[in-house]
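Examining the three-dimensional arrangement
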Amino acid sequence: MITKSIPNIFTIGNLSLGVIAIILAFNNETNSSNTAALLVIIAMLLDGLDGRVARALNAQSEFGKELDSLSDVISFGVAPAFIMYQAAFQGVNPAIAWIVTAIFPICGALRLARFNVIDGIPGYFIGLPIPAAGGVLATLALFHHELHYSLLLISTVALSFLMVSNMKYPNFKKLGLPRKAMWAIPVVVLGAAVLAYMFQEAIPKVILALLLLYALWGLKKNVDGLLPSGRRARRKAAEEEQEQSKHSA
């Protein structure tokens, strides 16, 4: 029974960090928004671990799946939107700021609902995963002094669109976690928290760069597929797959 609950502990940790991030986002103390964004980044780590731990322990369940989705809406939908609102949208027209802030978690919830009820393509996510979108938004908020608020508004809307789009993004969930490596998980989480605290300027930049590469890679692949050369490549791949299936039949 305890073993079956371990993955849910990671999910609850993810949810707790999201709630604390929301509280910090509306705290007027210095660097509170920065700390909130760092908590979202750590929550991403916990979110990436809960499913792998569940598979390693053979403790997957529908309850865990639903809890994970609900937690993700808070930690990677609501929290990043509030962080961005508090950091960059205070001087924007209230109607625009409220609408853009609300659109992001709404699209995140739609993305998760679709993920839970529709079978995806093996090896791919359909639409930008909400942890990646939330991670980009939270880390972008850290640079609100360097970036114009209009760019941040456009980025928020763009990330919202990518979550509910039909674009394909690589799924790295098959990179499993050996059961023998379970002991190292608390060390990894603690180490990540310490590094995030010690290098509060460098770590977000690295995370933002990686997440942007992921988001733009998926966008590029889908744009390439719309070009004539991309269509020819897809037809050729489909023909080769059909030919292989004929020989194997």
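We now turn to the structure provided with this report. (Residues numbered from 1 in each chain as written. Predicted model: local features only at pLDDT ≥ 70, side-chain atom pairs only at ≥ 80, totals over all residues. Heavy atoms only, no water.)

**Describing helix α3 (residues 62–88)**
The end-to-end C-alpha distance of α3, which contains 27 residues, comes to 38 Å, matching closely the 39 Å that a straight helix rising 1.5 Å per residue would cover. In α3, a bend of some 30° at Ala79 exceeds every other bend along the element, and Pro80, a proline, comes one to four places later. Among the 27 residues of α3, 19 are classified as buried, and the element is accordingly described as predominantly covered. (Helix = DSSP H or I, 4+ residues; strand = E, 2+ residues; numbered from the N terminus. Expected span 1.5 Å × (residues − 1). Bend = angle between axes of the 7 residues up to and from the residue. Buried < 20%, exposed > 50% of the residue type's maximum accessible area, 1.4 Å probe, protein only.)

**So, the packing of aromatic side chains**
Within this structure, the stated rule accounts for two aromatic pairs. Seen from their ring centres, Phe26 and Phe82 are 5.3 Å apart, and the 80° between their planes marks the pair as edge-to-face. With Phe26 in the loop between α1 (2–25) and α2 (32–56) and Phe82 in helix α3, this pair connects stretches of sequence that are 56 residues apart. (Phe/Tyr/Trp six-rings, centres within 6.5 Å; stacked < 30°, edge-to-face > 60°.)

**Thoughts on a nonpolar patch on the surface**
A cluster of nonpolar side chains, namely Ile106, Leu110, Phe161 and Val164, defines an oily patch on the protein surface of about 370 Å² accessible area. Mapped onto the nonpolar patch, the elements with two or more residues apiece are α4 (94–117) and α6 (149–164). A residue is classified by how much of its surface remains accessible, and Val164, at 31% relative accessible area, is partly exposed. (Patch = residues over 30% accessible without salt bridge, like charges linked within 9 Å, V, L, I, M, F, W, Y side chains within 5 Å. Areas by Shrake-Rupley, 256 points an atom, 1.4 Å probe, with all protein chains shown as cover. Salt bridge = Lys/Arg side-chain N within 4 Å of Asp/Glu carboxyl O.)

**Concerning the environment of Ile22**
Examined against the element boundaries, Ile22 turns out to sit in helix α1. The exposure class assigned to Ile22 is buried, which follows from its relative accessible area of 18%. When the C-alpha atoms of Ile22 and Ser33 are compared, they prove to be 9.0 Å apart, with 11 residues separating the residues in sequence. In contact with Ile22, not counting residues within four places along its chain, are Ile74, Val78, Ala79 and Phe82. (Contact = heavy atoms within 4.5 Å.)

**What about the environment of Ser32?**
Secondary-structure assignment places Ser32 in helix α2. On the accessibility criterion, Ser32 (7% relative accessible area) is buried. Those residues in contact with Ser32, other than ones at most four positions away along the chain, are Leu24 and Asn27.

**Structural notes on the nonpolar core**
Counting residues in hydrophobic clusters, the biggest one holds 57 residues, and the most contacted among them are Met84, Phe89 and Leu128. Mapped by element, the contributors of at least two residues to this core are α1, α2, α3, α4, α5 (130–141), α6 and α8 (202–226). Here the element with the most residues in this core is α2; it accounts for 10 residues. (Core = buried A, V, L, I, M, F, W, Y, C linked by side-chain atoms within 4.5 Å.)

**So, the environment of Lys168**
One can find Lys168 in strand β2 (residues 168–170). Through-space distance from the C-alpha of Lys168 to that of Gly123 is 9.4 Å; in sequence the pair is 45 residues apart.

**Here's the deal with the packing of α3 against α4**
Running from amino to carboxyl end, α3 crosses α4 at an angle of 160°, the nearest separation of the two axes being 9 Å. Put simply, α3 runs roughly antiparallel to α4. Crossing handedness for the pair α3 and α4: right-handed. Between α3, through Lys65, Glu66, Ser69, Asp72, Val73, Phe76, Gly77, Val78, Pro80, Ala81, Phe82 and Tyr85, and α4, the contact on the second element is made entirely by Ala97, Trp98, Thr101, Phe104, Pro105, Ala109, Leu112 and Asn116. (Axes fitted to C-alpha atoms, helices over the stretch in contact; angles between N-to-C directions. Parallel < 35°, antiparallel > 145°, perpendicular 65-115°, else oblique. Left-handed = near helix turned anticlockwise from the far one by under 90°.)

Note that all results are geometric; they support no functional claim without further evidence.
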